[in-house]
Each structure stands twice: as structure tokens, then as C-alpha cells.
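Tertiary structure, described
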Amino acid sequence: MEDKAWTPDTLRSLDGVEGVGVAFLEDAFHGKDASPLRKRHADAALQVLKALLPPHGTEIKGHSRTTEELAEAAGYLDRTDDLAELLTILDDELRLITPAFNDQRKTIGYQLTHDYLVPSLGAWLEMTLGKSLDGRALLRLEERAAAWDAKKEDRQLPSLGEYLRIATLTRRRLWDAPQQRMMRRAGFFHLLRTTLAVVLVALLGTAAFTAREWQRIGGLTTALLSANPDQILDVAQQLDRSPRFADVHL
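Keep in mind the model is a prediction, meaning the values are calculated, not measured.

The rules behind these values
- Residues numbered from 1 in each chain as written.
- Predicted model: local features only at pLDDT ≥ 70, side-chain atom pairs only at ≥ 80, totals over all residues.
- Heavy atoms only, no water.
- 1 Å grid on protein atoms, 1.4 Å probe; cavity = no way out; pocket = protein on both sides within 12 Å on 5 of 7 lines; lining within 4 Å.
- Points joined across faces, edges and corners; volume = space filled by probe spheres on them.
- Helix = DSSP H or I, 4+ residues; strand = E, 2+ residues; numbered from the N terminus.
- Nonpolar A, V, L, I, M, F, W, Y, C, P; charged D, E, K, R; others polar.
- Core = buried A, V, L, I, M, F, W, Y, C linked by side-chain atoms within 4.5 Å.
- Buried < 20%, exposed > 50% of the residue type's maximum accessible area, 1.4 Å probe, protein only.
- Contact = heavy atoms within 4.5 Å.
- Pairing = 2+ DSSP bridges.

Where empty space is left becomes clear once a probe the size of a water molecule has been rolled over the atoms. In this model, the largest pocket occupies a volume close to 1,500 Å³. Forming the boundary of the largest pocket are 48 residues, of which Lys50, Ala51, Leu138, Glu142 and Gln179 lie nearest the centre. Breaking the lining of the largest pocket down by element, the ones donating at least two residues are helix H4 (42–52), helix H5 (67–74), helix H7 (117–129), helix H8 (133–151) and helix H10 (177–225). Examining the composition of the lining of the largest pocket, we find that twelve residues originate from one element, H8, more than from any other. The residue makeup of the lining of the largest pocket, split by class, is 21 nonpolar, twelve polar and 15 charged.

Structure below.
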């Protein structure tokens, strides 16, 4: 807000306090004045901040994550220099995260700096992730997992198409426990439905073939009664292709 007029109209144009946070985050990583270093780490920063967000629907900043967990979320497990740069941006420059300490005052990881960051971060992540296929799949995973974890109803599970997109476009090792449970249930649910559908189609196909064959053999049997002698062998050979049906008709 520092370069904008501090008026109610400005606040309303940004959709309130939450919108101010979203605008700040967008400017910090994607704005025209954002440094090349921030732009280079923008995707990793998004993943780290997402990992620090509390469960869907909660507005308290939640628990801390270890540095290793954040490195995995950012995709920087073997890139210590990149991780150090990223943490410096998020902690020292933007004050979005802060070190978390144990009882002996030793750093055990990081957490969000303030509870009031949660709504803005959630809105910014949703806006940013919604621009890509894998981001939308991740958002759908979170939405479906939260809904299913609350009610445990199969109608809250993702559709088959959504399930396949989530399974192929998101990183399974980053799924939390409710997301893993929901995806396991969705996998079983869709496997069962697909199996039943295949069996039903096979049964319907068999029934249709049987009906057509029964009708064909009936017509040949009737034709045999009035066939000329030189046609009998040909009709008999056709009947011989379905001996079980032919025996009944004959």
C-alpha cells in the first residue's frame, strides 16, 4: 500500500485487507519491480508457503515444518544454496515465515509469521495455482480431501477424470494423511465402478450376440425345410457354426 492512496476506496478496490495481502504477494514475486531472484524462486516459494498453510478451512497459522520438509516441497532437496536464498527471501526480506524453536531454543524449522497471513496466502495460492493444469489439480485435491474428510461420503470423492488428473499432475509424496486416505478410497471406488461397468458391457454384448445368433439359426432352420437339394449342404454348414443353437431348433 505504500505507493497507493490510503483511502477506503483503495482498500475496497483491493477487496479489503485480504486483497491487500494478495496484491503484496503477487507484486513481491511477479510484479514489474520484483527482483530477478524472487521471480526465479517464485514457484518454489509458492510450494513452501503452501506447505506451511494449515488444513483447508482453518485460519490459524498451524504447525511448523522442518527445513528438510520445506526443501522437499520446494524441490530443493539437493540444492542447498537455492534453499538458503529462498528462506532468506521469505524470512529476512518479506517476513512471511519465521524460525520455529523447541524447548531448548534450537531451530527446528519454520512457520508462518502471523495468523492474518493465512486468508491472503490461501487466496493468492488459489489464484496462482489456478493458472496451470497441475495447480488446478492440486486445488481440487485439497478441496475434495477436505470435503471427504469431513463427511466420509463417496459423493464427496473426485470424479474419475478428476482422480486421474490429480494422480498424474500432483506429487504423491507431498499428499498429507487426509489426502492419501481420500485418494485411496477414490481409487478403490473408481476401480470397483469401472470393473462393474466392464462386466456389464461384456454381459450386454454377450446377450446381444446370443440374441442375434439365435435369430440367425432360427432363420436357417426354417430355410432348411424349403431348401432345394443343392442348397442343403450350404445351410447345414452354416448351422454347424452354432451347433448348440442348431440342435435346439432342429
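After presenting the structure, the write-up continues.
Right, let's get into the nonpolar core. Formed by 48 residues in total, the largest nonpolar core has its most connected members in Phe29, Leu90, Ile97 and Trp124. Per element, the largest residue contribution to this core is eight residues, and it comes from H4. The contacts of Leu90, once residues within four sequence positions are left out, are Phe29, Ala45, Val48, Leu49, Arg95, Leu96 and Ile97. Formed by six residues, the second largest nonpolar core is a distinct cluster that contains Ile217, Val235, Leu239 and Ala246.

The next subject is the pairing of strand S2 (residues 107–112). Note that strand S1 (residues 97–101) and S2 share five bridges and pair antiparallel. In the strand pairing of S2, Ile97 is matched with Leu112. The loop that links S1 with its antiparallel partner S2 comprises five residues; one of these, Arg105, has a positive phi angle of about 60°.

Function cannot be read off these values alone, since they describe shape.
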